[in-house]
Number of protein chains: 2
Amino acid sequence: MMPLSVLEAVRDAMIDFDGKGYSILELNHRSAHFDEIRRELKERIRSLMSVPEEYEILFCPGGGRQQFSMIPLNLLTESGRGGYVVTGKWSQLAYEECARITKAALLWKGDGSTLPTATIEVPVDVDYVYYCDNETVDGTEFRDLPPLDRSDALVVADMSSNFMSRPVDVSRYGVLWAGVQKNFGASGLSVLIVRKNLIRNKAKPVPLMLDWMKYAQTDSVPNSVPVLQFYVALLMARWVESMGGLEAMDRAAKAKSALLYGAIDANPGMYVNEIPSSNRSRMNVVFRLRDESLTEKFVREAEDEGMINLAGHRSKGGIRVSLYNAMPIDAVEKLVQFMKSFSNRYAV
Amino acid sequence: MMPLSVLEAVRDAMIDFDGKGYSILELNHRSAHFDEIRRELKERIRSLMSVPEEYEILFCPGGGRQQFSMIPLNLLTESGRGGYVVTGKWSQLAYEECARITKAALLWKGDGSTLPTATIEVPVDVDYVYYCDNETVDGTEFRDLPPLDRSDALVVADMSSNFMSRPVDVSRYGVLWAGVQKNFGASGLSVLIVRKNLIRNKAKPVPLMLDWMKYAQTDSVPNSVPVLQFYVALLMARWVESMGGLEAMDRAAKAKSALLYGAIDANPGMYVNEIPSSNRSRMNVVFRLRDESLTEKFVREAEDEGMINLAGHRSKGGIRVSLYNAMPIDAVEKLVQFMKSFSNRYAV
């Protein structure tokens, strides 16, 4: 979901972009105009997230799975392993890809609703510790970094689904990255915030488009990049700023998710979410109907009232409500009303 | 450059796409609606290009340079080499990437204006022969496949800049691919037409997003793909069909390029293109001013008359005119008039 003002701005750029006589779709990726879009986009991300000077901001085409390969290929030393904290579907996939193409260590694995609380041991041959800050499918979200026994461990965070939804202390991370398609734009681009000394020449050759160095050297234009997605991300950055920045996004996310979890917990005979409240995601509220035969009816009746995309991830079933930045609280209130009415109508 | 009707259709999909109440930018890459877009897109490509049943049509994010890595990683056997016919900048870059990450054989190399005419010897350890059908920067275009001594050689063609500009006998190729941003859409997506038996499980693990198998298994949705670019390609396919298909595109390309080469050759005191006429590209007309001090003036005066993007590639200088499908012949006529007038005004 994206703000209407952003969609309108993209629409208005489709025939005559900024009065230049060409479409945003025709904008050359080698033009000064596109350089300026990237410059402003980087500057706004740096400002919104208070990104320190020693971090580079890179943009890569492709979604998360491309980074699942790029992270070990760019960070691992000859004999090192990638360390993974697996809390759900996305960190599991990242772990599997690292293990498949390089070497990986499984540092911790939960049951999908739990997050690590005891200190995790990080073996000396582990070059980085990877975790997923918000598990979109499982509905969990970290409140802080995973607890590690090595305070100097290099931490890599997937923030695809909670990027730009709260302030983050970037200096605690080696790499922080996000596919833009949840909170920051249109499918087809990832943002990476990488500590500059981690962008290195490689001993073993890495395919060109998987090498962060190539992106750093070309100001993220190693080839024909998805120009449109950069512009949409810029519009999203302007929008986040106009709405009050990351503190405002965080307040809204807390208010929206509290409303929805409240509606679930108030009807325990009808709705079930067993995730401990300290692990619950502010972005993706996942629950099931106690009587699972009612799930389809719930989804269909909600759709009839204009609330779409409520079916859970195909691997999990149940209901999933995504509360990304652009979702207004009114929509959540409408859903909560619907949930009450549904519960009244079908409770046994 | 894209047809106005395509840009208008994208504009109209920006707020309420096909009356569904969401934007094309919000369209979920796992939705039935997006499945239908890909289905129609593949069907139209298959029909326009008469793609035989034993070929798969794949879509990959990223531009050409991603395929420069993917081609050797997907095609090379354990001990084999990629064979390269180097006719200009883009085939040179493809060769360099293959050599850097795997093993490559340079089969032929010209001076940028020549194309091979004598039969090229293909060593037995060469798994495929790669060439670039149209060199965007150098302004050359093959009229037929490169002449090879092995009639069974597996041919891989980069058609990024002349895709959909003429009928092609797909059955003569192992792989034929194109970044869509020239003739078939908006920057950020490539189309591949691959003989199905070349999509294989790999002995050595290939990063997930560089493995054609992963694209084939997921109907080109291995992850969060650039949804918008797929839709624009579909609109372009519909447009090509509405204009009369590839024969009509070919006729228009020949007419437009003949007009422009005629204007160059008619003013040899002012304009120079030394490419033999049988090698000249119908898509990218590259020339220089005999008095190179006039180049900047030429570009600026043309811009004043609304003709933009005429400066040659930064690696080459001079003038480059791209005559992609969407460029109307009127625009070429206007340029030719300008060239005559410029020549009259500045000839010595």
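A brief look at the structure comes next. As the structure is a computational prediction, the values presented were derived from the model and not from experiment.

## Description of the environment of Ala347 of chain B
- Topologically, Ala347 of chain B is positioned in the segment after α9 (329–346).
- Placed 56 residues apart in sequence, Ala347 of chain B and Asp291 of chain B show a C-alpha to C-alpha distance of 9.5 Å.

## Let's talk about the sheet that holds strand β10 (residues 271–272) of chain B
Residue and element names in this part refer to chain B.
- With antiparallel pairing, three strands are arranged side by side in an open sheet as β10-β11-β12. Bordering the open sheet on either side are β10 and β12 (319–322), each of which pairs with just one other strand.
- Relative to strand β11 (residues 284–289), β10 runs antiparallel, the two being bridged by two bridges. Opposite Tyr271, over in β11, you have Leu289 as the bridge partner.

## Digging into the sheet that holds strand β4 (residues 126–132) of chain A
Residues and elements named next belong to chain A.
- Reading across from one edge, β1-β9-β8-β7-β4-β2-β3 is the order of the seven strands in this open sheet, with mixed pairing throughout. Unpaired on one side and paired on the other, β1 (55–61) and β3 (104–109) mark the two borders of the sheet. The average angle at which neighbouring strand axes cross in this sheet is 20°, direction not considered.
- Bridge count for β4 against strand β7 (residues 155–158) is four bridges, and the pairing is parallel. Among the inter-strand pairings, Val129 is bridged to a residue of β7, identified as Val155.

## Observations regarding the interface of chain B and chain A
- On the side of chain A, 47 residues touch chain B, which itself brings 47 residues to the contact.
- Where chain B meets chain A, there are zero salt bridges.
- Our enumeration of links across chain B and chain A arrives at 13 residue pairs in polar contact (both at pLDDT 80 or more).
- Split by residue class, the side of chain B that touches chain A holds 25 nonpolar, 13 polar and nine charged.

## Details of the packing of helix α3 (residues 64–75) of chain B against helix α4 (residues 89–101) of chain B
Residues and elements named next belong to chain B.
- Put simply, α3 and α4 touch, their axes get as near as 9 Å, and they point 50° apart. Relative to α4, α3 is oriented oblique. Crossing angle aside, the handedness with which α3 passes α4 is right-handed. Together, Arg65, Phe68, Ser69, Pro72 and Leu73 of α3 and Trp90, Leu93, Ala94, Glu97, Cys98 and Ile101 of α4 make up the contact between the two elements.
- Counted by class, the contact of α3 with α4 contains eight nonpolar, one polar and two charged residues.

## Let's talk about unusual backbone geometry
Residue and element names in this part refer to chain A.
- Located in the positive-phi region is Asp18, a residue other than glycine, with phi close to 50°.
- Looking at the secondary structure, you find Asp18 in the loop between α1 (4–12) and α2 (32–48).
- Taking the relative accessible area as the measure of exposure, Asp18 reaches 54% and is therefore exposed.
- One non-glycine residue, Met164, lies in the positive phi region at around 65°.

Analysis parameters
Residues numbered from 1 in each chain as written. Chains lettered and ligands numbered in written order. Predicted model: local features only at pLDDT ≥ 70, side-chain atom pairs only at ≥ 80, totals over all residues. Heavy atoms only, no water. Helix = DSSP H or I, 4+ residues; strand = E, 2+ residues; numbered from the N terminus. Pairing = 2+ DSSP bridges. Axes fitted to C-alpha atoms, helices over the stretch in contact; angles between N-to-C directions. Contact = heavy atoms within 4.5 Å. Salt bridge = Lys/Arg side-chain N within 4 Å of Asp/Glu carboxyl O. Polar contact = N/O pair within 3.5 Å; in protein donor to acceptor, adjacent residues only side chain to side chain. Nonpolar A, V, L, I, M, F, W, Y, C, P; charged D, E, K, R; others polar. Parallel < 35°, antiparallel > 145°, perpendicular 65-115°, else oblique. Left-handed = near helix turned anticlockwise from the far one by under 90°. Buried < 20%, exposed > 50% of the residue type's maximum accessible area, 1.4 Å probe, protein only.

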